[in-house]
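Listed here are the chains, written in short residue letters.
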Amino acid sequence: MSGLFKSSIGRKVAMALSAIFLMIFLLQHFAINILSVFSADRFNDVSHFMGTNFFVQFLLQPVLIFGVVFHFVMGFMLEIRNRNARTISYAKNNGSANTTWMSRNMIWSGLAILAFIVLHFIDFWIPEINTKYIQGDVSGLLPDGNFRYFEELQHKFENPIRVGAYVVAFVFLALHLLHGFASTFQSMGAGSMRRAKLQAFGKAYAIIIPLGFIFIALFHYFNH
Amino acid sequence: MNLTLKIWRQKDAKSKGKMVSYQVNDISEHMSFLEMMDVLNEQLINEGQEPIAFDHDCREGICGMCSMYINGEAHGPDRGVTTCQLHMRSFKDGDTITIEPFRAKAFPVIKDLVVDRSAFERIQQAGGFISVNTSGNTQDANAIPISKHAADEAMDSATCIGCGACVASCKNASAMLFVGAKVSQYALLPQGQIEATDRVKNMVAQMDLEGFGNCTNTGACEVECPKGISLENIARMNRELMKANL
Ligand code: HEM
Ligand code: SF4
Ligand code: FES
């Protein structure tokens with residue numbers, strides 16, 4: 001087993017496993033966020049549950065952070081090794097003749113997502129940690145007695161620059177997933193029949209989920 | 001037709017190379033690409049210059065020697081052909097054609113357009129074979145039943161000619177299509193089962209040792225492969241390696 005992860009293919013499988021984990025997480029994150037469009041109360045309830053549940057906070061959250069870090073560190077390592085495999089580049093290379101833009105630029109779409117994740121942490125995660133574990137306020141309430149989560153969300157999306165940054169980031173996420181989704185299953189060794197079906201599903205996922213996030217951001221921008 | 005050729009010239013493995021421009025005139029559209037190169041070399045020899053070194057042997061698409069990166073694609077713009085099968089009718093009068101050696105750290109340039117692909121040989125030697133007892137009680141291969149489907153698929157994998165276009169085309173200089181094909185051709189047959197575990201482990205280990213990059217599933221190899229080896233071979237190799245390690 002340890003031999004597997006020393007090999008190039010093993011690392012690729014590890015990369016794919018971390019990607020599957022992230023794609024499942026993304027779905028869950030989307031499911032919660034979309035509630036904010038339909039009902040502030042439902043969104044508040046679920047946010048409060050996620051934000052104060054011991055299992056979510058101290059088991060799932062560290063696993064998630066590990067998953068994200070693992071994925072991009074592994075991605076950088078792959079990229080470095082791959083760049084070293086060709087020390088002299090071609091004078092003329094017609095990449096678009098045989099590959100998609102998305103597949104050639106995973107590192108750049110990935111870096112854009114990483115920049116977004118940093119912004120996202122500063123926007124939501126760090127204030128949360130501050131309120132809950134440094135200020136020690138786990139009530140989830142505003143001074144007026146209402147839940148704070150929906151309020152905070154709406155407040156964030158008043159700034160058009162932030163909304164713009166989110167929209168751009170999700171376009172990059174879509175580009176990342178347009179190659180990444182199908183790539184994951186090829187790495188895992190899925191046969192061609194299964195892959196063909198997954199490909200269609202993957203395209204849908206890669207477009208619908210990021211578009212949904214964009215919709216949520218714009219919705220709050222125009223409805224606060 | 002008249003053409004401008006920009007060709008990589010490099011005296012030997014140690015020298016630094018550079019692109020040099022040449023002019024060739026009155027090229028027939030019926031010539032193969034290598035015949036066009038022969039015309040250029042004759043011209044260079046007549047002018048007292050060093051001819052351009054390039055690999056070739058069968059000139060009928062079966063040996064895999066003719067490694068050229070033409071206008072940014074391995075074996076040029078046509079699909080399912082080697083450089084020797086590429087014809088000048090794929091180009092237009094007045095075109096400028098860029099010709100480079102296959103580029104990969106694991107395929108060092110020996111001279112001009114000639115690269116050293118012995119890394120592929122070493123991968124093959126690491127496991128791309130089956131051991132047969134030839135002491136006299138050898139089983140007749142035809143006595144082992146094999147399904148038509150498996151036989152066809154194994155044959156498809158076995159058509160890989162080891163040309164290296166997959167490596168040359170891949171942005172990561174990954175050899176996984178080649179190794180996938182070589183692993184698959186045995187993995188699909190009963191004769192290959194006995195050594196299956198060691199084969200895939202050893203071939204992949206040798207591939208990594210040679211300094212090829214890592215597959216990121218861009219699919220360039222499959223498009224550029226002259227023999228139509230499919231990505232399915234890489235998926236199968238990944239499955240074989242996972243199986244061998246579990
Ligand atoms: C944190 C910033 C990120 C960076 C720097 C990054 C970088 C990369 C790189 C370099 C690859 C490998 C390239 C390839 O195999 O073609 C990759 C693959 C992938 N990434 Fe990311 N990524 C990031 C975030 C994400 C996120 C948030 C998701 C999903 C929600 C994701 C999903 C995928 C998928 C599905 C693959 C394909 C895996 C495979 O081929 O086996 N990535 N990423
Ligand atoms: S897989 Fe195709 S491109 Fe690669 S070495 Fe074999 S024949 Fe050439
Ligand atoms: S010279 Fe043999 S394949 Fe081209």
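To be clear, the structure that these remarks concern was listed above.
Procedures and definitions
Residues numbered from 1 in each chain as written. Chains lettered and ligands numbered in written order. Predicted model: local features only at pLDDT ≥ 70, side-chain atom pairs only at ≥ 80, totals over all residues. Heavy atoms only, no water. Helix = DSSP H or I, 4+ residues; strand = E, 2+ residues; numbered from the N terminus. Buried < 20%, exposed > 50% of the residue type's maximum accessible area, 1.4 Å probe, protein only. Contact = heavy atoms within 4.5 Å. Areas by Shrake-Rupley, 256 points an atom, 1.4 Å probe, with all protein chains shown as cover. Lys, Arg positive; Asp, Glu negative; His and termini not counted. Charge placed at Lys NZ, Arg CZ, Asp CG, Glu CD. Pairing = 2+ DSSP bridges. Axes fitted to C-alpha atoms, helices over the stretch in contact; angles between N-to-C directions. Near = heavy atom within 4 Å. Nonpolar A, V, L, I, M, F, W, Y, C, P; charged D, E, K, R; others polar. Donors = N, O, S within 2.8 Å, 3.2 Å for Na, K, Ca; no water. Polar contact = N/O pair within 3.5 Å; in protein donor to acceptor, adjacent residues only side chain to side chain. Buried area = accessible area lost by both parts, 1.4 Å probe. Patch = residues over 30% accessible without salt bridge, like charges linked within 9 Å, V, L, I, M, F, W, Y side chains within 5 Å. Salt bridge = Lys/Arg side-chain N within 4 Å of Asp/Glu carboxyl O.

Novice: Honestly, the overall build of chain A in this entry has me stumped. Any pointers?
Specialist: Regarding its fold elements, chain A presents nine helices and zero strands. Seen along its three principal axes, the alpha-carbon backbone of chain A occupies a region of about 65 × 40 × 35 Å. Across the 224 residues of chain A, 43% fall into the buried class. Expressed as a percentage of contacts within chain A between residues at least 6 apart in sequence, the contacts between residues at least 24 apart total 77%. Approximately 12,000 Å² of chain A is accessible, and the part contributed by carbon and sulfur atoms is 71%. Averaging the coordinates of the 17 positive side-chain charges in chain A and doing the same for the 10 negative ones gives two points 28 Å apart.

Novice: Explanation requested: the overall build of chain B in the structure shown.
Specialist: For chain B, the helix and strand inventory stands at eight helices and seven strands. Along the longest, intermediate and shortest principal axes, the C-alpha atoms of chain B span 60 × 40 × 35 Å. Out of the 246 residues belonging to chain B, those deemed buried represent 54%. Taking all contacts inside chain B whose residues are at least 6 apart in sequence as the whole, residues at least 24 apart take part in 69%. Put simply, chain B shows about 10,700 Å² of open surface, and 50% of that area lies on carbon and sulfur atoms. Here chain B holds 24 positive side-chain charges and 31 negative ones, and the gap between their average locations is 6 Å.

Novice: Even after reading the chapter, I still don't get the sheet that holds strand S1 (residues 3-9) of chain B, so can you show me in this structure?
Specialist: Backbone hydrogen bonds hold the strands of a sheet together, and the pairing may be parallel or antiparallel. All names here are of chain B. Pairing in this open sheet of five strands is mixed, and the strands run S2-S1-S5-S3-S4 from one edge to the other. Each end of this open sheet is capped by a strand with a single partner; those strands are strand S2 (18-24) and strand S4 (73-74). With two bridges joining them, strand S3 (residues 69-70) and strand S5 (residues 96-100) adopt antiparallel strand pairing. Pairing of Ile70 across the sheet is with Ile99, part of S5. Contacting S1, S2, S3 and S5, helix H1 (residues 33-46) crosses the sheet at an angle of about 90 degrees to S2.

Novice: Is there a simple way to explain the site of ligand 2 in this structure?
Specialist: Residues and elements named next belong to chain B. Lining the immediate environment of ligand 2, one finds 14 residues, of which Cys160, Cys163, Gly164, Cys166 and Cys225 sit closest. Of all elements in the fold, only helix H4 (165-169) and helix H5 (176-187) reach the threshold of two or more residues within the shell around ligand 2. Looking at side-chain class alone, the shell around ligand 2 contains eleven nonpolar, two polar and one charged residues.

Novice: Help me understand the coordination of the iron atom of ligand 1 in this model?
Specialist: All names here are of chain A. Coordination sphere of the iron atom of ligand 1, protein contribution only: His71 (NE2) and His176 (NE2), at 2.0 to 2.1 Å. Residue His71 is classed as buried on the basis of its relative accessible area, which comes to 15%. Given a relative accessible area of 13%, His176 falls into the buried group.

Novice: Please explain the site of ligand 1 as it appears in this structure.
Specialist: Residues in contact with ligand 1 amount to 27 residues; listed here are only the nearest, A:Lys12, A:His71, A:His176, A:Ser183 and A:Ser187. Near ligand 1, the surrounding residues belong to chains A and B. Within the contact set of ligand 1, an oxygen atom lies 3.5 Å away from a backbone nitrogen or oxygen of B:Thr216. Elements that contribute at least two residues to the shell around ligand 1 include exactly helix H2 (8-38), helix H4 (54-84), helix H6 (106-134) and helix H8 (160-187) of chain A.

Novice: Would you mind showing me how to read the interface of chain A and chain B here?
Specialist: Reports of interface size often rely on the accessible area that becomes lost once the parts have come together. Listed per partner, the contact involves 39 residues of chain A and 47 residues of chain B. Interface area lost by chain A to chain B is led by A:Ile9, A:Tyr90 and A:Asn98, which between them contribute 18%. Broken down by secondary-structure element, the contributors of at least two residues to the side of chain A that touches chain B are helix H1 (2-6), H2, H4, helix H5 (101-104), H8 and helix H9 (192-222) of chain A. Along the lines of polarity and charge, the residues of the side of chain A that touches chain B split into twelve nonpolar, 20 polar and seven charged.

Novice: It is not clear to me how a nonpolar patch on the surface should be interpreted in this structure. Could you clarify?
Specialist: Residue and element names in this part refer to chain A. A surface patch of nonpolar side chains, amounting to about 650 Å² of accessible area, comprises Ile65, Val69, Val73, Met77, Val118, Ile122, Trp125 and Ile126. Sorting the residues of the nonpolar patch by element identifies H4 and H6 as the ones contributing at least two each. Looking at the element boundaries, Val69 is found in helix H4.

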